[in-house]
Amino acid sequence: MKYLILLGDGMADWPIDELGGKTPLEYANTKNMDIIASGIKGMVKTVPEGMHPGSDVANMSVLGYDPKIYYTGRAPLEAISQDIEMKDSDVAYRCNFVNIENGIMKDFSAGHIPTDKAKQLIELLNREIGEEGIEFFAGVSYRNLMIWRDGIEDKKTTPPHDISDKPIDNYLPNGAAKEKLREIMKKASEVLKDNAIYKKANAIWLWGEGKKPSMPLFKDKFNKNGCMISAVDLMVGLGKLTGLFIPQIEGLTGFLDTNFEGKINAAREFFKDGGDFVYLHVEATDETGHMGDVNKKIEAIELFDRKIVGEAIKMADEFEDGLKIAVLPDHPTPIKIKTHTDEPVPFAVWHSRMPKKSDSYNENSCKNGVFIEKGDLFISKMLFGD
């Protein structure tokens, strides 16, 4: 049997009045996820009590690693993705390009700044405000990094997507490193405010701090050869840290225009080369939730259903030993609040020896199914359960 997790980041949501009280997942055309729901379905709590419902925590959990044991922060995982060397005393910070107007966080992604523009701005920051021990590194779009050599962890930072349309003053870094981080952010704003490269990126936001993590290899933990497919550095970092194969795919953006076909084709090739397990992550469902755009979120869900889940079901017929497919989000990203929550999320698991019947996959239809209270147990149940 081969195993495929299809994860629509932030896909779960709350009922929305303009959709007649339905969630985007209920409202969207998801005929392929509805087939997966004809197998086993239920709810899984991916975020442990007391932890922030970030994609880092939630995806670590879905991948089978207890965040209470292994989590050190988001940014160091992204540093691993970029092969940035870190000593045990170094601290990584996520460095978003953002748009702030009159003290309000207007856009946590600076209009989804293109990666090439972000790279130019990172080079500008290194020239203008870089100093000994402080280095900026370009990532994908607005998702960039700052490494503070022999630095200080500030445990009181806030993700910028948590404060959309809010005044920033109450959410600036406020822990042990607050003076240095605020100084860097202020200098960056002065450099970026009149930049001619990409005007929407008029500030940076530092958050997601952490030191170098250590995790056991997926192969050692689950006795499976695995692969991670994602556009975002966070997921690639998780994959590299746990020894998963990372295919190189052109055109991955983390948004609606990403190369969906390239992702599912990479999964097919990995399986045909003898691989056992693929974790295929799609970011667009989360990004559109953060935007508060219900129509775009529905579009993202339907693209995920058609171009990823539908193609995976077709692919299942290609493998004589069978393919087991799981569909789930990592956490909800409700349109109403434009940020993550820690509620349990709906999951469904189907394998190719089952008939292709239609059921219903959404937050409500899964509530009466199986409940998995500890998210890091989900993958063991998928790999080794009936």
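Provided above is the structure to which this section pertains.
Now for a description of the structure that goes with this document.

A few points about the overall build of the protein
Looking only at helices and strands, the protein features 13 helices and twelve strands. Relative to a compact globule of 386 residues, whose C-alpha radius of gyration would be 21 Å, the protein shows 20 Å and is just as compact. Burial analysis of the protein (386 residues in total) assigns 61% to the buried set. Counting contacts in the protein only where the partners sit at least 6 residues apart, residues at least 24 apart contribute 75% of the total. Total accessible area on the protein is roughly 15,400 Å²; 46% of this is exposed by carbon and sulfur atoms. Computed over 49 positive and 61 negative side-chain charges, the inter-centroid distance for the protein is 1 Å.

Some points on the sheet that holds strand S10 (residues 323–328)
Spatial strand order, S8-S9-S1-S10-S11-S2-S12: seven strands in an open sheet with mixed pairing. Only two strands of the sheet have a single partner each, and these edge strands are strand S8 (226–229) and strand S12 (370–372). In this sheet, neighbouring strand axes are inclined to one another by 20° on average, regardless of whether the strands run parallel or antiparallel.

Comments concerning the environment of Gly243
Within the secondary structure, Gly243 is located in the loop between helix H9 (233–241) and helix H10 (260–272). Residue Gly243 is classed as exposed on the basis of its relative accessible area of 51%. In sequence terms Gly243 and Pro76 are 167 residues apart; their C-alpha atoms lie 16 Å from each other.

Some words on the packing of aromatic side chains
Here a ring pair, both rings aromatic, is described through the centre-centre distance and the interplanar angle of the planes. Tallied over the full model, the rule gives nine aromatic pairs. An angle of 45° between the planes, with centres 4.9 Å apart, marks the rings of Phe218 and Phe222 as tilted. With a gap of four residues between them, Phe218 and Phe222 both fall in helix H8 (residues 218–222), about one helical turn apart. Taken as a pair, Phe218 and Phe222 share a single burial class, namely buried. Between Phe347 and Phe378 the ring centres are 5.3 Å apart and the planes differ by 70°, which places this aromatic pair in the edge-to-face class. With Phe347 in strand S11 (residues 345–351) and Phe378 in helix H13 (residues 378–384), the pair connects residues that are 31 residues apart, well separated along the chain. Judged on exposure class, the residue Phe347 and its partner Phe378 are both buried. Feature note: the residues Tyr65, Tyr70, Phe218, Phe222 and Phe277 constitute an aromatic cluster, connected by ring pairs. Taking the ring centre of Tyr65 as reference, the NZ or CZ of Lys221 above it sits at 5.4 Å.

A look at helix H5 (residues 74–81)
Along H5, eight of the eight residues are buried, which leaves the element largely enclosed by surrounding structure. Those residues of H5 that fall on the buried side of the exposure criterion are Arg74, Ala75, Pro76, Leu77, Glu78, Ala79, Ile80 and Ser81. Buried residues in H5 make contact with helix H3 (55–62), strand S3 (91–101), strand S6 (143–148), strand S7 (203–210) and H9. Two residues or fewer past H5, Asp83 is found with a positive phi of approximately 60°.

Remarks on the pattern of salt bridges
Counted by the stated rule, this structure contains 23 salt bridges. Here Arg149 and Asp90 are joined by a salt bridge, their closest N and O atoms 2.9 Å apart. Here Arg149 is found in the loop between S6 and helix H7 (178–192), whereas its partner Asp90 is found in the loop between H5 and S3, with 59 residues between them in sequence. Here Arg149 falls in the partly exposed class, since its relative accessible area comes to 22%.

Some points on the pairing of S6
Along S6, six of the six residues are buried, which leaves the element largely enclosed by surrounding structure. Along S6, one buried face is formed by Arg143, Leu145 and Ile147 and the opposite face, lined by Asn144, Met146 and Trp148, is buried too. Two strands pair when backbone bridges link them, and strand S5 (residues 134–140) and S6 are joined in this way by five bridges, in the antiparallel orientation. Across the sheet, Phe137 pairs through a bridge with Leu145, a residue of S6. Counting the residues that bridge the hairpin from S5 to S6 gives two residues, and of these Ser141 lies at a positive phi of roughly 55°.

Details of the packing of helix H6 (residues 115–128) against H7
Remark: H6 packs on H7, axes separated minimally by 10 Å, with the N-to-C direction vectors making an angle of 115°. In this structure, the crossing between H6 and H7 has a hand that is right-handed. For the pair formed by H6 and H7, the contact residues are Leu121, Leu124, Leu125 and Glu128 on the first element and Ala188, Val191 and Leu192 on the second. Of the residues assigned to the contact of H6 with H7, the class counts are six nonpolar, no polar and one charged.

Concerning the environment of Gly254
Looking at the element boundaries, Gly254 is found in the loop between H9 and H10. The buried category is assigned to Gly254, whose relative accessible area is 4%. Setting aside residues no more than four positions away along its own chain, Gly254 makes contact with Arg143, Ala231, Glu283, Ala284 and Glu287.

Overview of helix H11 (residues 284–291)
Counting buried positions along H11 yields seven of eight residues, so the element is predominantly enclosed. All buried positions along H11 are accounted for by Ala284, Thr285, Asp286, Glu287, Thr288, Gly289 and His290. In this fold, the buried residues of H11 make contact with strand S1 (2–8), H3, S6, strand S9 (277–282) and helix H12 (294–316).

Criteria and thresholds
Residues numbered from 1 in each chain as written. Predicted model: local features only at pLDDT ≥ 70, side-chain atom pairs only at ≥ 80, totals over all residues. Heavy atoms only, no water. Helix = DSSP H or I, 4+ residues; strand = E, 2+ residues; numbered from the N terminus. Rg over C-alpha atoms; globule rule 2.2 N^0.38 Å. Buried < 20%, exposed > 50% of the residue type's maximum accessible area, 1.4 Å probe, protein only. Contact = heavy atoms within 4.5 Å. Areas by Shrake-Rupley, 256 points an atom, 1.4 Å probe, with all protein chains shown as cover. Lys, Arg positive; Asp, Glu negative; His and termini not counted. Charge placed at Lys NZ, Arg CZ, Asp CG, Glu CD. Pairing = 2+ DSSP bridges. Axes fitted to C-alpha atoms, helices over the stretch in contact; angles between N-to-C directions. Phe/Tyr/Trp six-rings, centres within 6.5 Å; stacked < 30°, edge-to-face > 60°. Lys NZ or Arg CZ within 6 Å of the ring centre and 35° of its normal. Salt bridge = Lys/Arg side-chain N within 4 Å of Asp/Glu carboxyl O. Left-handed = near helix turned anticlockwise from the far one by under 90°. Nonpolar A, V, L, I, M, F, W, Y, C, P; charged D, E, K, R; others polar.

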